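# Tertiary structure, described
These are the residues of each chain, in order.
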Amino acid sequence: MKKVSVIIPCYYAKKWLPQCFLSLANQTIGTDSLELIFIDDASRDKGETWELLLMFERAYPDSVIVIRLEENKRQGGARNEGLSYATGEYIAFVDADDWVKPQLFEEAYRRAKETDADLLQFDFCLYTDQTGEFKRRTAMEDAFYEIGSEEERRKFLLSEKITYGCWNKLYKRTLVQKAGVRFAEHVVYEEPLFVYPLLFYGERFAVISDTLYVYRQNEAGTMWQNMQQADTLFDHAKVQQMVWQFMKGTEFFHTFYEEIKLYFLHTCFYETLYFARLRNMKISMEQYRQLEEMALKEVLDPGQSAYETLIPQQMKLYRLAQNGMGEEELASYMDQLPTGLEKSGYGDFII
C-alpha cells in the first residue's frame, strides 16, 4: 500500500502542470510512497493537457495514474473520480496550478503517524506573479485535538481550527470511507461538502505550523473568475445547502443541531452576502429572496441561537429575514458588512 494518494484535478492545465508535477516527483518521501492520480477534466485544449499527463505516466509508471473524463465535472467531480482510484493509507489533494514544498508528504505523513491523526492540516503560503511567495496574515499554530465527548466536539467545532478547504490536509482513507463523503459536482466552492462532515466522524485532528503548500492566486484561473460572477457566487450557498442535507442524514444532526445550524446559516446565508459585498457585487432583491428562501426553508428558528452573543452581525440578518427584510433594509445591511479579508465573527479565513 502506498503511504499517500495524491489527487490532482486538471483543466486547461498545461501552463502550470510541469511545476506542479516536479514538486510532486521531487518529494523527499520518494515517489515509491506516493500514488499520484491526475484527472483531465475534459480539457478542450486539443489534447495538450492529456499528452502532458501521459508523459508523466510514462516517466513514473509505478506511481502515476492518469484519468480522462469525457464530461467536464469541475474540480469536485474530478476529485470524486480520483477518490474512486485511491488506495493509499492517506489521501491528499493538490490543484494543478499550485505546487508543494519538497518535504510536504514526508513531514505530514510522519506527524500524522506520530499522533494517529484522522486528519492533519498544514499551513500554506500564497503566490502571485507580481509578488512571488508571501505569508498569510494569520499563521497556523501546532495543535492536537482528541475528541472524547460531545462537549469536546462542540468546543472543537466552534474553534474552527480546521478550515474548509481540502488541499492543505492529509486524510486517513478509512475516515473518508467511513463518512462516505464526496465533493459537490458541476459547481464551484465544492469543498465543504467533503471536509465539514469529517469534523464529526474523526476523533483525532492535528494542525502543524509548517508551511508546506503554495497556493497560486491566479487571475487567469477559473476560481478567480468564478469569484467575480454573481451566478457562480450563489454556488457557495447551494453547496452549503448540500452540506445541511448531508448532515441531516447522519447520527450527529440532533445532538449537534445548534452547531450545524450555526455553520449552515453563516455559510449559506450571511457569508454569501459577505462575499458579494467583498467583491462589490450588487445583489438584487430577487437574488436576495432566493438566498433567503434557501436558508429559511431549512431552519425554522433562525432568530434563535445558543451562540447569538458570538454572532451579533449575523443574528441581525437572521432576524431581519424572519420579520420580512425590505429593500431599504437590505441595502442598509449590505453597507454595514465588512469589506476586508477578515474573520467576521464566525467563519473560515477567506483567501
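In what follows, the structure referred to is the one given above.
Residues numbered from 1 in each chain as written. Predicted model: local features only at pLDDT ≥ 70, side-chain atom pairs only at ≥ 80, totals over all residues. Heavy atoms only, no water.

## A look at the overall build of the chain
Quick note on the threshold: For helices the rule is a DSSP run of H or I covering at least 4 residues; for strands it is a run of E covering at least 2, with both sets numbered from the N terminus onward. For this measure, only C-alpha atoms enter the radius of gyration; the expected value for a globule follows 2.2 Å times N^0.38, where N is the number of residues. The criterion used for residue contact is that any of the two residues' heavy atoms lie within 4.5 Å. Under the convention used here, a 1.4 Å probe and the Shrake-Rupley method define accessible areas, while residue burial counts only the protein chains that appear. Two residue types count as positive, namely Lys and Arg, and two as negative, namely Asp and Glu; His and chain ends fall outside the count. To locate a charge, take NZ of a lysine, CZ of an arginine, CG of an aspartate or CD of a glutamate.
Counting secondary structure elements, the chain contains 14 helices and 10 strands. Expected size for 351 residues packed as a compact globule is a radius of gyration near 20 Å; at 20 Å, the chain falls within 12% of this value. Of the contacts made within the chain by residues no fewer than 6 positions apart, 79% connect residues no fewer than 24 positions apart. Accessible surface, the chain as shown: approximately 15300 Å² in total, 48% of it carbon and sulfur. For the chain, the separation between the mean place of its 40 positive charges and that of its 55 negative charges on side chains is 1 Å.

## Looking at the environment of Y263
Let me state the cut-off plainly: Here's how the labels work: a residue is buried when its accessible area is under 20% of the maximum for its type, exposed when over 50%, partly exposed in between, all with a 1.4 Å probe on protein chains only. Between N or O atoms, a polar contact is any pair within 3.5 Å; within protein, one atom must be a potential hydrogen donor and the other a potential acceptor, and residues adjacent in sequence are included only when both atoms are from side chains.
Here Y263 is to be found in helix 11 (residues 257-278). Note on Y263: relative accessible area 1%, which makes it buried. The sequence separation of Y263 and Q240 amounts to 23 residues, and the corresponding C-alpha distance is 8.9 Å. At 2.7 Å, the side chain of Y263 forms a polar contact with the side chain of Q240.

## Some thoughts on the packing of aromatic side chains
The criterion, for reference: Two aromatic rings from Phe, Tyr or Trp, using only the six-membered ring of Trp, form a pair when their centres are within 6.5 Å; if the ring planes differ by under 30 degrees the pair is stacked, by over 60 it is edge-to-face, and anything between is tilted. Cation placement over rings: the criterion is NZ of Lys or CZ of Arg within 6 Å of the ring centroid and within 35° of the ring normal.
All told, the structure shown has 33 aromatic pairs when counted by the stated rule. A ring pair is formed by F200 and F256, whose centres lie 5.8 Å apart and whose planes are at 65 degrees; its orientation type is edge-to-face. With F200 in helix 8 (residues 198-201) and F256 in the loop between helix 10 (230-248) and helix 11, the pair connects residues that are 56 residues apart, well separated along the chain. On the basis of relative accessible area, F200 is assigned to the buried category, the value being 1%. Under the relative-accessibility criterion, F256 is labelled buried at 4%. Consider the rings of F269 and Y318, whose centres lie 6.1 Å apart with planes at 20 degrees: the pair is stacked. Pair noted here: F269 is in helix 11 and Y318 is in helix 13 (residues 312-322), with a separation of 49 residues, a long-range link. Relative accessible area serves as the criterion here: at 0%, F269 is assigned to the buried category. Among the aromatic residues, those joined into a ring-pair cluster are Y164, Y196, F200, Y201, F252, F256 and Y263. In this structure, R79 is placed above the aromatic ring of F183, and the distance from its NZ or CZ to the ring centre is 5.0 Å.

## A look at the nonpolar core
Threshold: Take the buried residues of types Ala, Val, Leu, Ile, Met, Phe, Trp, Tyr and Cys, join any two whose side-chain atoms come within 4.5 Å, and each joined set is a nonpolar core.
L24, F38, F105, F194 and Y288 are the most contacted members of the largest nonpolar core, which totals 125 residues. Ranked by residues supplied to this core, first place goes to helix 11 with 13 residues. Setting aside anything within four residues of it in sequence, one finds F194 in contact with L83, F93, Y171, V176, V181, R182 and F183.

## Comments concerning the side chain of T163
As for its position among the elements, T163 is in the loop between helix 5 (150-159) and strand 9 (169-172). Its relative accessible area of 17% is what places T163 among the buried residues. At 3.1 Å, the side chain of T163 forms a polar contact with the side chain of K169.

## Considering empty space enclosed by the protein
Over the atoms rolls a probe the size of a water molecule, and its path tells where empty space is left. Our working rule: The distinction between a cavity and a pocket rests on a 1 Å grid over the protein atoms alone: a 1.4 Å probe fits inside a cavity but cannot get out, while a pocket stays open yet meets protein on both sides within 12 Å along at least five of seven lines, and a residue with an atom within 4 Å of a point counts as lining. Grid points are joined across faces, edges and corners, and a volume is the space filled by probe spheres set on the points. Under the scheme applied here, ten amino acids are nonpolar (Ala, Val, Leu, Ile, Met, Phe, Trp, Tyr, Cys and Pro), four are charged (Asp, Glu, Lys and Arg), and all others, including Gly, are polar.
Applying the stated rule across the entire model yields 2 cavities of 30 Å³ or more. What lines the second largest cavity is simply K261, L262, L265, S305, I311 and Y318. Per element, the largest residue contribution to the lining of the second largest cavity is 3 residues, and it comes from helix 11. Residue composition of the lining of the second largest cavity, by class: 4 nonpolar, 1 polar and 1 charged.

## What about helix 12 (residues 285-296)?
Operational definition: The span you would expect from a helix comes to 1.5 Å times its residue count less one.
Under the 1.5 Å per step criterion, the end-to-end length of helix 12 is 16 Å for 12 residues, consistent within 8% with the ideal 16 Å. The complete set of buried residues in helix 12 reads M285, Y288, L291, E292, M294, A295 and L296. In this structure, the buried side of helix 12 is in contact with helix 10, helix 11, helix 13 and helix 14 (327-336).

## Some thoughts on the pattern of salt bridges
For clarity, the cut-off: Definition used for salt bridges: Asp or Glu carboxyl oxygen within 4 Å of a side-chain nitrogen of Lys or Arg.
Scanning all chains against the criterion turns up 25 salt bridges. Linking D116 and R204 is a salt bridge whose minimum nitrogen-to-oxygen distance equals 3.2 Å. Taken together, the positions of D116 in the loop between helix 4 (104-115) and strand 6 (119-128) and R204 in strand 10 (residues 204-216) put the pair 88 residues apart, joining distant regions of the chain.

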